[in-house]
Amino acid sequence: MTSIKVQAPGTVANLVCGFDVLGLCLEAPYDTMEVRLLNERKVIVQSADGYPLPTDPLQNTAGAPLVEMIKELDESIGFEVLIHKAIKPGSGIGSSAASAAGAVVAANHLLNLRFSKEDLVRFALFGEKVASGVKHADNIAPCIYGGITLIRSIYPLDIISIPAPELYVTVVHPQIEVKTSDARQILRKEVLLKDAIKQWGNIAGLVAGFMKSDYDLIGRSLEDVIIEPLRSILIPGFAEVKSKSIEAGALGGGISGSGPSIFMLSKDKDTAEAVSNIMQETYQRIGLEHHTYVTRVNGQGVTVVV
Ligand code: HSE
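Since the model is a prediction, treat every value here as computed from it, not as a measurement. (Residues numbered from 1 in each chain as written. Predicted model: local features only at pLDDT ≥ 70, side-chain atom pairs only at ≥ 80, totals over all residues. Heavy atoms only, no water.)

**Student:** Would you take a moment to explain unusual backbone geometry for this structure?
**Tutor:** For residues besides glycine, phi is generally negative; the peptide bonds are generally trans as well. Pro-29 follows Ala-28 through a cis peptide bond whose omega is 0°. Along the chain, Pro-29 turns up in strand β2 (residues 22–38). Here Asn-112, not a glycine, exhibits a phi torsion of approximately 55°, which is positive. Relative to the elements of secondary structure, Asn-112 occurs in the loop between α2 (95–110) and α3 (117–132). For Asn-112, a relative accessible area of 69% puts it in the exposed group. The phi dihedral of Ser-213 is positive, around 50°, even though this residue is not glycine. (Helix = DSSP H or I, 4+ residues; strand = E, 2+ residues; numbered from the N terminus. Buried < 20%, exposed > 50% of the residue type's maximum accessible area, 1.4 Å probe, protein only.)

If you want it as structure tokens, here you go:
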């Protein structure tokens, strides 16, 4: 096999309380990527949609992880990548992670699955470094492993897949761009002990809720007393979408990754659709272009298109 096509899905990082340590993989939206094997140590990344991409692969979210991968190969091998983007950069649904994860998963198939999933996360983190200046794995890990993941540690990598009951995810992407690097810049470097206690109680509660299929516990644990109060100011309509969605029966939700997308979790499809209507009404009234997705947790992560 010398070329392959994959679908690289969007992801929701943080899951409200778990800043940088929790994330889930979405069924939609997803990017499509074609990767071809080259017989020289070279990485070429091109956009199928005419996005101007940096020609230096080290400056590119799909290119930098492949350069790292090639460093660990003895052979004279390289990769050419063609990206069809469906996940908008700056949307908060893991656009850069999809490019990075899709590239390394596809390349690994071309190498007969030589590397482990953990290796692939290690490579893909170089893409996040390019995109936001920081290596955070809460989009990369769910994109590669599928489902819901806990990143207990980055140095050394320790990724745990968390089993969960069926969940519907409604996502709204108001068409403003929030750069992850900017959204990290506004955060305080220190937290109060009383806030930290609440936050780690919620993280533990959320993980326990997923593992016990306890929807009420999931709902009450979707609370963030540290990041959301600062970042939600950047997102028009945030408080209204959140409160009305919960009134309509959603379990809870909040900012997707670093925003501006907002996600809400629901037990069933009807509630998830009702939440989508609330999101659309809110942004129509505010007069802000938006996209909504009613989707589910994707247990597979990046998949090969046959
Ligand atoms: N954990 C990261 C952040 C995710 O919130 O900055 C970015 O998608």
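Picking up after the structure, the text goes on.
**Student:** Where do I start with the site of the ligand in this structure?
**Tutor:** Taken together, the residues surrounding the ligand are Ala-13, Asn-14, Phe-19, Asp-20, His-136, Asp-138, Asn-139, Thr-180, Arg-184, Arg-231, Gly-257 and Ser-258. In this structure, a nitrogen atom belonging to the ligand sits 2.7 Å away from a side-chain N or O atom of Asp-138. Arg-184 places a polar side-chain atom, nitrogen or oxygen, 2.8 Å from an oxygen atom of the ligand. Protein chains shield 97% of the accessible area of the ligand, which is 260 Å² for the free molecule. In terms of residue class, the shell around the ligand is made up of two nonpolar, six polar and four charged. (Near = heavy atom within 4 Å. Polar contact = N/O pair within 3.5 Å; in protein donor to acceptor, adjacent residues only side chain to side chain. Areas by Shrake-Rupley, 256 points an atom, 1.4 Å probe, with all protein chains shown as cover. Nonpolar A, V, L, I, M, F, W, Y, C, P; charged D, E, K, R; others polar.)

**Student:** Looking at this structure, how should I read the sheet that holds strand β8 (residues 252–255)?
**Tutor:** Backbone-to-backbone hydrogen bonds join strands into a sheet, with any given pair of strands oriented parallel or antiparallel. Taken in spatial order, the four strands of this open sheet run β8-β9-β7-β10, and their pairing is antiparallel. Where the open sheet ends on each side, the last strands, each with one partner, are β8 and β10 (290–296). Neighbour-to-neighbour, the strand axes of the sheet open up by a mean angle of 15°, direction not taken into account. Here β8 runs beside strand β9 (residues 262–266); their pairing, made up of four bridges, is antiparallel. Bridge pairing in β9 places Gly-253 opposite Met-264. Contacts from helix α9 (residues 238–247) reach β8 and β9, with the element oriented near 5° to β9. Sitting on the sheet, helix α10 (residues 269–286) is in contact with β7 (168–174), β9 and β10, with an inclination near 10° to β7. (Pairing = 2+ DSSP bridges. Axes fitted to C-alpha atoms, helices over the stretch in contact; angles between N-to-C directions. Contact = heavy atoms within 4.5 Å.)

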